[in-house]
Amino acid sequence: MVLWQWILDHWVVVWTYAYIALDVALRIAGLILVPRNRRPGSALAWLLAIMVLPLVGFPLYLLLGKAELPRKRRIKQERINAVMRARAERIPDSELDHDAPSWLQSAVRLNRELGAFPLTGNNSADLEIDYDSSIAAMAADIRSAERDVHVLFYTMVLDEVTEDFFAALAEVADRGVQVRVLYDHWGSLSHGKVYRAMRRLLDAHGIEHYPMMPVKPFSDGAFQRPDLRNHRKLLVVDGEIGWMGSQNMIAPHYDKPSNIRRGLHWQETMIRFRGPIVSEMNLLFAIDWYYESDEQLEEETLVRRASDTSGTYECQLVPSGPGFVFENNLLLFNQLFYSADHHIRAVSPYFVPDESMLAALITAARRGVEVELFVSEIGDQFLVFHAQRSYYTALLEAGVRIWLYRAPTILHAKHVTIDESVTVLGSSNMDIRSFLLDMESSVMVGGTDFMEKMHEVEEVYRSRSRELTLEEWERRPRAMMLLDNLCRLASAVV
């Protein structure tokens, strides 16, 4: 009682010393915890945040500083990964053409080691870059279904642009086709009424569906970082037709009033596959399905002998994300950049590379490889857009050609072509979030004919862009340069 009275009488002194003790304790804890198994740049950024404002920085670190799934989810992911790795062994391996460069075989081995999926041959693939046409084509493929339809999109809602897609799902479900649907929880929930409209339609037609990575921080018995997301985009019909790429199932302005006011709309690239690669896509869907539903899909519904093997493309699926030990997409990109002999053409809406990728691109340009980077002239995400711009000076000085896709379009496509040898296309941006925090799906495609299709797409993008020169960039306002560099520092806090 006497002690309590003394504390009340001297509360200013008590709280002052308590604050100092807590401040020191948080700084020491930061020095111990933050550098553990973390990139130096990221560690320094977190330590700076903690040292400047410990009472704010340390709780943020506990909330967002660990790019790892909780233990129960990791165990679950490891279990299903092992099952799907065994099933992937039953997909026939293919050999690269005899004239393929030796480094491409190394990339195939790397992907097999990281993601478990083999190189498959006899695939066909077609590209679609028109937003409405790709949705119409996917709806048409769904209507042809006889057995099952597997759908997975980061953002998926029912609006005036996607209504025919959902009408197709409803039609086939009503005639007995098994339809399974996955969508990222936050990526879809954040769109409000059109998200709820989608759920009502799926429920009305008895379609089984689950939100991926639901925002329930302690649902697995341990804290789960809320911004770990499933960013994949996949559609598989009867195990015969597969779609993947960059497009979400939503109107091109993303149903946001601010985008509509600014006239923003998204430009995408989707790819339609037939052949053995579709079984790999089905296996990847099954991993995410088990992860959210606890249902392990039967092998005969996933790995099927392709009825159409008339294609000539070698393809290999490359999954990545927190469920894998390594940053699969980053390792693949870097391996390809260092292997390029003639040209690298990279398209990414959010270009915030880590030190290794920046070094790989600059090294390639310095040794004479023609490097082109396609990005948007304007951005829809303030922090990422300005962080991205902070890399332009180093790239331009190295000889990288930067193409700015003209406003008001957001170039949301994500693909890379290397020499005349290989394309990597999918959902993965070239930013730290896609390397560390998001579950992504990419596919590596070889074949001269397919490269010609990709070059046609690149020419379309080039015709809609303007080239940024070093002279123009050096004339930008100093205040803008400062803002870009500050955002770059903040982007390292992952």
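Residues numbered from 1 in each chain as written. Predicted model: local features only at pLDDT ≥ 70, side-chain atom pairs only at ≥ 80, totals over all residues. Heavy atoms only, no water.

### A look at the overall build of the protein chain
Rule in force here: Starting at the N terminus, helices and strands are each numbered in turn, a helix being any DSSP run of H or I of at least four residues and a strand any DSSP run of E of at least two. Burial status follows relative accessibility: with a 1.4 Å probe on protein chains alone, a residue under 20% of its type maximum counts as buried, one over 50% as exposed, and anything between as partly exposed. Note on contacts: a residue pair is in contact if any heavy atoms of the two residues lie within 4.5 Å. Each accessible area is a Shrake-Rupley result for a 1.4 Å probe, and residues are judged covered by the shown protein chains and nothing else.
When you go through the protein chain residue by residue, the secondary structure sums to 20 helices and 20 strands. Principal-axis analysis of the C-alpha atoms gives the protein chain an extent of 85 × 55 × 45 Å. Counting the 494 residues in the protein chain, one finds 57% classified as buried. Taking as baseline every contact in the protein chain between residues at least 6 positions apart, the subset at least 24 positions apart corresponds to 82%. Counting every atom, the protein chain has about 21,000 Å² of accessible surface; 57% of that belongs to carbon and sulfur.

### A few points about the packing of helix H5 (residues 71–88) against helix H12 (residues 277–293)
Selection rule: Helix axes are fitted only over the stretch in contact, all axes being lines through C-alpha atoms; the angle between N-to-C directions runs from 0 to 180 degrees. Each angle gets one of four labels, with under 35 degrees taken as roughly parallel, over 145 as roughly antiparallel, 65 to 115 as roughly perpendicular, and the rest as oblique. It is the rotation of the near helix from the far one that decides the hand of a crossing: anticlockwise by less than a right angle makes it left-handed, clockwise makes it right-handed. The classification used treats Ala, Val, Leu, Ile, Met, Phe, Trp, Tyr, Cys and Pro as nonpolar, Asp, Glu, Lys and Arg as charged, and all other residues, Gly among them, as polar.
Direction vectors running N to C along H5 and H12 enclose 150°, while the axes themselves pass 10 Å from each other. In this view, H5 runs roughly antiparallel relative to H12, as classed from their interaxial angle. Relative to H12, the crossing made by H5 is right-handed. Side by side, H5 and H12 meet where Arg 73, Lys 76, Gln 77, Arg 79, Ile 80, Asn 81, Met 84, Arg 87 and Ala 88 of the first sit next to Leu 283, Ala 286, Ile 287, Tyr 290, Tyr 291 and Glu 292 of the second. Split into classes, the residues belonging to the contact of H5 with H12 amount to eight nonpolar, two polar and five charged.

### Examining the pairing of strand E7 (residues 241–245)
So the rule is basically this: For two strands to count as paired, DSSP must find a minimum of two bridges between them.
E7 sits mainly inside the fold: five of its five residues count as buried. Residues Ile 241, Trp 243 and Gly 245 of E7 are buried on one face, and the alternating residues Gly 242 and Met 244, pointing to the opposite face, are buried as well. As paired elements, strand E6 (residues 233–237) and E7 share four bridges and run antiparallel to each other. When the sheet's bridge partners are listed, Val 237 is paired in E7 with Ile 241. Here E6 hands over to E7 after three residues, with Asp 238 in that stretch at a positive phi of 60°.

### So, the packing of aromatic side chains
For clarity, the cut-off: The rule is short: rings of Phe, Tyr and Trp, with Trp giving its six-membered ring, pair when the centres are within 6.5 Å, and they are stacked under 30 degrees, edge-to-face over 60, tilted in between.
Here the structure, examined in full by the defined rule, presents 12 aromatic pairs. Each ring, one from Phe 374 and one from Trp 403, has its centre 6.3 Å from the other, and the planes form 15°; the classification is stacked. Here Trp 403 lies in strand E14 (residues 401–405) and Phe 374 lies in strand E13 (residues 370–376), a separation of 29 residues in the sequence. Judged on exposure class, the residue Phe 374 and its partner Trp 403 are both buried. Ring centres 5.1 Å apart and planes at 55° place the aromatic pair Tyr 392 and Trp 473 in the tilted group. Note that Tyr 392 is positioned in helix H16 (residues 392–398) and Trp 473 in helix H19 (residues 470–474), a separation of 81 residues in sequence.

### Description of the side chain of Ser 434
Going by this rule: We define a polar contact as two N or O atoms separated by no more than 3.5 Å, with the added condition that, inside protein, one atom must be a possible hydrogen donor and the other a possible acceptor, whereas residues neighbouring each other in sequence contribute only through side-chain atom pairs.
In this structure, Ser 434 sits in helix H17 (residues 432–436). Looking at Ser 434, its side chain comes within polar contact range of the main-chain nitrogen of Asn 429, at 3.1 Å. Ignoring any residue separated from it by four or fewer positions in sequence, one finds Ser 434 in contact with Asn 329, Ser 428, Asn 429 and Glu 440.

### Side note on unusual backbone geometry
Among all residues save glycine, negative phi is the norm, and among peptide bonds the norm is trans. Note that the residue after Ala 407, namely Pro 408, is joined by a cis bond; omega there is 10°. Its place among the elements puts Pro 408 in the loop between E14 and strand E15 (409–411). Positive phi outside glycine occurs at Met 213, with the angle close to 50°. Summarising the element assignment, Met 213 is placed in the loop between strand E4 (208–212) and strand E5 (229–230). Judged by its relative accessible area of 0%, Met 213 is buried.

### Describing a negative patch on the surface
To keep things clear, this is the line we draw: What makes a patch is a set of residues exposed beyond 30% relative accessible area and free of salt bridges, joined within 9 Å when like-charged and within 5 Å when nonpolar (Val, Leu, Ile, Met, Phe, Trp, Tyr). Salt-bridge detection follows one rule: a side-chain nitrogen of Lys or Arg within 4 Å of a carboxyl oxygen of Asp or Glu. We count Lys and Arg on the positive side and Asp and Glu on the negative side, and we leave His and both chain ends out. To locate a charge, take atom NZ for lysine, CZ for arginine, CG for aspartate or CD for glutamate.
There is a patch of like negative charges on the surface, built from Glu 420, Asp 449, Glu 452 and Glu 456. Residue placement: Glu 456 occurs in helix H18 (residues 448–463). In this structure Glu 456 comes out as exposed when scored by relative accessible area, which is 56%.

### What to know about the pattern of salt bridges
A full pass over the atoms with the stated rule returns 20 salt bridges. Among the salt bridges present, the one from Asp 288 reaches Arg 232, with a minimum N-O distance of 2.7 Å. Of the two residues, Asp 288 is situated in helix H12 and Arg 232 in the loop between E5 and E6; the sequence distance between them amounts to 56 residues. For the pair Asp 288 and Arg 232, one class covers both residues: buried.

### Section: the environment of Thr 409
Looking at the element boundaries, Thr 409 is found in strand E15. Between the C-alpha atoms of Thr 409 and Pro 252, which are 157 residues apart in sequence, the distance is 9.6 Å. Residues within four places of Thr 409 in sequence aside, it is in contact with His 265, Trp 266, Gln 267 and Ser 376. Engagement of the side chain of Thr 409 in a polar contact is seen with the side chain of His 265, the distance being 2.8 Å.

### What to know about the pairing of E6
Along a regular strand, successive side chains alternate from one face of the sheet to the other. Among the five residues in E6, five count as buried, and that is most of the element. Taking every second residue as pointing to the same face, both faces of E6 are buried, with Lys 233, Leu 235 and Val 237 on one and Leu 234 and Val 236 on the other.

### A short note on the environment of Val 369
Position of Val 369 among the secondary structure elements: in the loop between helix H14 (355–366) and E13. Through-space distance from the C-alpha of Val 369 to that of Val 416 is 14 Å; in sequence the pair is 47 residues apart. When residues no more than four places from it in sequence are discounted, the contact partners of Val 369 are Ala 340, Asp 341, His 342, His 343, Ile 344 and Ala 364.

### Some words on the side chain of Ser 421
Considering the arrangement of structural elements, one finds Ser 421 in the loop between strand E16 (415–418) and strand E17 (422–426). Not counting chain neighbours up to four residues away, the residues in contact with Ser 421 comprise Pro 101, Trp 103, Leu 104, Val 445, Gly 446, Gly 447 and Met 451.

### Let's talk about the nonpolar core
Inclusion rule: Buried residues of nine kinds, namely Ala, Val, Leu, Ile, Met, Phe, Trp, Tyr and Cys, make up a nonpolar core once their side-chain atoms join them within 4.5 Å.
In this structure, Val 149, Met 156, Phe 165, Phe 166, Leu 169, Phe 273 and Phe 337 are the most contacted members of the largest nonpolar core, which totals 141 residues. When sequence neighbours within four positions are dropped, the list of residues in contact with Val 149 reads Ile 142, Leu 169, Val 172, Val 177, Gln 178, Val 179, Arg 180, Leu 235 and Val 236. By size, the runner-up hydrophobic cluster in this structure holds eight residues, among which are Val 34, Leu 47, Ile 50 and Tyr 61.

Everything listed here is a matter of coordinates, which is why it stays silent on function.
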